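Results of the structural survey
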Amino acid sequence: MDRYDITIIGGGPTGLFAAFYAGLRGMKTKIIDALPQLGGQLIALYPEKYIYDVAGFPKVLAKDLAQNLIDQALQYNPTVHLGAKITDMRILENQLEDEGKPSQYFELDTEDGSTHQSYSILLTIGIGAFAPRKLKLEDAERFEGKGVEYFVKDKTKFGNKRLLIVGGGDSAVDWGLHLHDVAQSITLIHRRDRFRAHEDSVKKLFDSPVDIKIPYEVKAIEGNDHVEKVAIFNNQSKDREEIPVDYILLNLGFIANIGKIKEWGLNIVKGDIEVTSKMETNVTGIYAAGDIVTYPGKLKLIATGFGEAATAVNNAKTHIDPSAKAFPGHSSDMEAPPGSK
Ligand SMILES: Cc1cc2nc3c(=O)[nH]c(=O)nc-3n(C[C@H](O)[C@H](O)[C@H](O)COP(=O)(O)OP(=O)(O)OC[C@H]3O[C@@H](n4cnc5c(N)ncnc54)[C@H](O)[C@@H]3O)c2cc1C
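Owing to the predicted nature of the structure, the values given are computational and were not obtained by experimental measurement. For every chain, the first residue of the written sequence is number 1, and numbering continues from 1 along that sequence. Restriction of local features to residues with pLDDT of at least 70 applies here, the model being predicted, together with a cutoff of 80 or more for giving and counting side-chain atom pairs; totals for whole chains, interfaces and linings are based on all residues. Based on all heavy atoms of the structure, the side-chain values leave hydrogens and waters out of the count.

Observations concerning the packing of helix α5 (residues 170–179) against helix α6 (residues 199–206)
A pair of packed helices is characterised by two quantities: the angle between their axes and the separation of those axes. Two elements in contact, α5 and α6, have axes whose closest approach is 10 Å; the angle formed by their N-to-C orientations is 45 degrees. When the axis of α5 is compared with that of α6, the two are oblique. Crossing of α5 against α6: the hand is left-handed. Facing α5, whose interface residues are Val 173, Asp 174, Gly 176 and Leu 177, α6 presents Ser 201, Val 202, Lys 204 and Leu 205. Note that Gly is not counted as nonpolar here; it falls among the polar residues with everything else outside the nonpolar set of Ala, Val, Leu, Ile, Met, Phe, Trp, Tyr, Cys and Pro and the charged set of Asp, Glu, Lys and Arg. Its residues assigned to classes, the contact of α5 with α6 shows four nonpolar, two polar and two charged. Where helices are involved, their axes are fitted lines through C-alpha atoms of the stretch in contact, as for all axes, and angles between N-to-C directions lie from 0 to 180°. Here a strand is any run of E in DSSP of at least two residues, a helix any run of H or I of at least four, and the numbering for each starts at the N terminus. Note on terminology: angles under 35 degrees are roughly parallel, angles over 145 are roughly antiparallel, angles of 65 to 115 are roughly perpendicular, and the others are oblique. Helix crossings are classified by the rotation of the near helix relative to the far one: an anticlockwise turn of less than a right angle makes the crossing left-handed, while a clockwise turn makes it right-handed. For this analysis, residues touch if any pair of their heavy atoms sits within 4.5 Å.

Here it is, written out as structure tokens:
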């Protein structure tokens, strides 16, 4: 089995930038992600939203930032293993006569049945492997993929369609704002009489053509092979109405879970992994960065994840090769990456 210098678990923005840095440091690198595509939250949760606080980009669409990070990371040809959620980890003695390699290595199992070996691990698992919160309604499950959606991967799918958005947080409100130009009509329902979204976005929503109904809930979904109609009701007055729709976008939040990684013996504080200023966890050889970590003053932002990725990888390099310096030098003084265009 191929043994890697570093295995990066989580291909979100932090993991992708870490993969670039690991390539720059000449490390044999593997990225593993539970999702079928790279990009983490940028691609899975908000590909069509603009981000305004990434250094060097006055504004950038989440999907474009993800693509740039993927292009940058893949220049050093890391191995990429997708659709594989990491579960178990074992620490084993290194029997190979690899000069200068650590005396121990890690073996990792994934839910797809594969096993991976690595001298160091970088956990960039964000909020954990995430799954959308489902509507407690049998009909919703029956129509999944037939008009009931949890993610917007491509907003053209809703072009000229009648859409019902369900939810009262930032995602529901933002999708209302981003899709009303594309969809034929949008009704947005929320079960409470107040939204949990950014105040300014809620104000914009009320000024938009979106038909807002609060406090409303879904009662039933009807259709043959695809959603055709939805019954909604006011949970205070009990008034009920039926509206013809082509798609229902459920934005009810996410249940994120770091799963079995909780059992690895890492220091976990309020669900986050505690790290030092070198982004080391309490287990030698395991580093962590991005949304999953905690330290005094931690901010969960893309920008901070980038810095943490560089710190983690460069310190992991010194774990693999104690003669190496943590400081990588300046990339502007180096040769272009092999995959550089
Ligand atoms: C709607 C929305 C808008 C946002 N807007 C901004 C913004 O404007 N600016 C900003 O700075 N931040 C923003 N954020 C936050 C930002 O997206 C996160 O800070 C960032 O994605 C964290 O990156 P990450 O790489 O640490 O984790 P993630 O992006 O969460 O990536 C983690 C990856 O790890 C994978 N994973 C998890 N567990 C496992 C496992 N056990 N096995 C294998 N793979 C696993 C996941 O599938 C995922 O792909 C926003 C977030 C949301 C939801």
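Still more to cover.
What to know about the environment of Leu 250
Relative to the elements of secondary structure, Leu 250 occurs in strand β17 (residues 247–250). Judged by relative accessible area, which is 3%, Leu 250 ranks as buried. For every residue, the accessible area obtained with a 1.4 Å probe (protein chains only) is divided by the maximum for its type, and the residue is called buried under 20%, exposed over 50%, and partly exposed between those limits.

Description of the pairing of strand β2 (residues 29–32)
Here β2 shows no split at all, with Thr 29 and Ile 31 on one side and Lys 30 and Ile 32 on the other all buried. Pairing between strands requires that DSSP locate at least two bridges from one strand to the other. Here strand β1 (residues 3–9) runs beside β2; their pairing, made up of four bridges, is parallel. Across the sheet, Ile 9 pairs through a bridge with Ile 32, a residue of β2. Chirality of the crossover, the property in question, places the unit of β1, helix α1 (residues 13–24) and β2 among those that are right-handed. In this sheet, strand β5 (residues 79–81) lies alongside β2 in parallel orientation, the contact comprising three bridges. Looking across to β5, one finds that Lys 30 is bridged to Thr 79. Assignment of crossover handedness uses the view with strands pointing away from the viewer, where a clockwise path from the first strand over the helix to the second indicates a right-handed crossover.

So, the site of the ligand
Surveying the vicinity of the ligand reveals 29 residues, the closest of which are Asp 33, Gln 41, Tyr 46, Asp 53 and Asp 291. Any N or O atom pair separated by 3.5 Å or less is treated as a polar contact, with the protein-specific requirement of one donor-capable and one acceptor-capable atom, and with residues adjacent in sequence counted only for side-chain atom pairs. Between the ligand and Ala 34 there is a distance of 3.0 Å, counted from a nitrogen atom to a backbone nitrogen or oxygen. Ala 129 is positioned such that a nitrogen or oxygen atom in its backbone is 3.1 Å from a nitrogen atom of the ligand. Accessible surface area values rest on a Shrake-Rupley calculation with a 1.4 Å probe, where residue burial reflects the displayed protein chains alone. Across the complex, the protein chains shield 89% of the 990 Å² of accessible surface that the ligand would expose by itself. Classifying every residue of the shell around the ligand by side-chain character gives 15 nonpolar, nine polar and five charged. Proximity is defined per residue: any heavy atom of the residue falling within 4 Å of a molecule or strand makes that residue near it.

As for the nonpolar core
Residue types Ala, Val, Leu, Ile, Met, Phe, Trp, Tyr and Cys, when buried and joined through side-chain atoms within 4.5 Å, form a set referred to as a nonpolar core. If you look at the biggest cluster of nonpolar residues, it comprises 59 residues, and the most contacted ones within it are Ile 121, Leu 122, Leu 123, Trp 264 and Ile 286. Beyond its immediate stretch of four places on either side in the chain, Leu 122 contacts Ile 6, Thr 7, Ile 8, Ile 9, Ala 18, Tyr 287, Ala 288, Ala 289, Ala 312 and Val 313. Among the nonpolar cores identified, the runner-up in size contains 19 residues, and Ala 172, Leu 179, Ala 197 and Ile 212 belong to it.

Considering the packing of α1 against helix α7 (residues 302–320)
The contact between α1 and α7 brings their axes to 8 Å, and the two run at 35 degrees. Here the hand of the crossing between α1 and α7 comes out right-handed. Contact with α1, carried on its side by Pro 13, Thr 14, Phe 17, Ala 18, Tyr 21 and Ala 22, involves Ile 302, Gly 305, Phe 306, Ala 309, Ala 310, Val 313 and Asn 314 of α7 and no other residues of that element. Looking at the contact of α1 with α7, its residues break down into 10 nonpolar, three polar and no charged.

Description of the environment of Gly 12
Structurally, Gly 12 can be placed in the loop between β1 and α1. Residue Gly 12 is classed as buried on the basis of its relative accessible area of 11%. Sequence separation between Gly 12 and Ile 302 is 290 residues; the distance between their C-alpha atoms is 9.5 Å.

What about the pattern of salt bridges?
Put simply, a salt bridge is a Lys or Arg side-chain nitrogen that is within 4 Å of an Asp or Glu carboxyl oxygen. Inspection of every chain in the model, using the stated rule, returns 17 salt bridges. A salt bridge links Arg 90 to Glu 107; the nearest nitrogen and oxygen atoms lie 3.0 Å apart. A residue pair is termed long-range when its members are at least 10 positions apart, and Arg 90 in strand β6 (residues 86–93) and Glu 107 in strand β7 (residues 104–110) qualify at 17 residues. According to the relative accessible area criterion, Arg 90 is partly exposed, its value standing at 30%. Residue class for Glu 107 comes out buried when judged on its relative accessible area of 13%. Of the charged contacts in the structure, one is a salt bridge between Asp 109 and Arg 90, with a shortest N-O distance of 2.8 Å. With Asp 109 in strand β7 and Arg 90 in strand β6, the pair connects residues that are 19 residues apart, well separated along the chain. Using a relative accessible area of 17% as the deciding quantity, one classes Asp 109 as buried. Each member of the salt-bridge network shares a partner with another, and the members are Glu 222, Lys 229, Arg 240 and Glu 242.

Notes on a nonpolar patch on the surface
Together, Leu 74, Val 80 and Leu 82 make up an exposed nonpolar region whose accessible area comes to about 190 Å². Within the fold, Leu 74 resides in helix α3 (residues 62–74). Given a relative accessible area of 34%, Leu 74 falls into the partly exposed group. Patches were defined on residues exceeding 30% relative accessible area and lacking a salt bridge, with like-charge contacts within 9 Å and nonpolar side-chain contacts (Val, Leu, Ile, Met, Phe, Trp, Tyr) within 5 Å.

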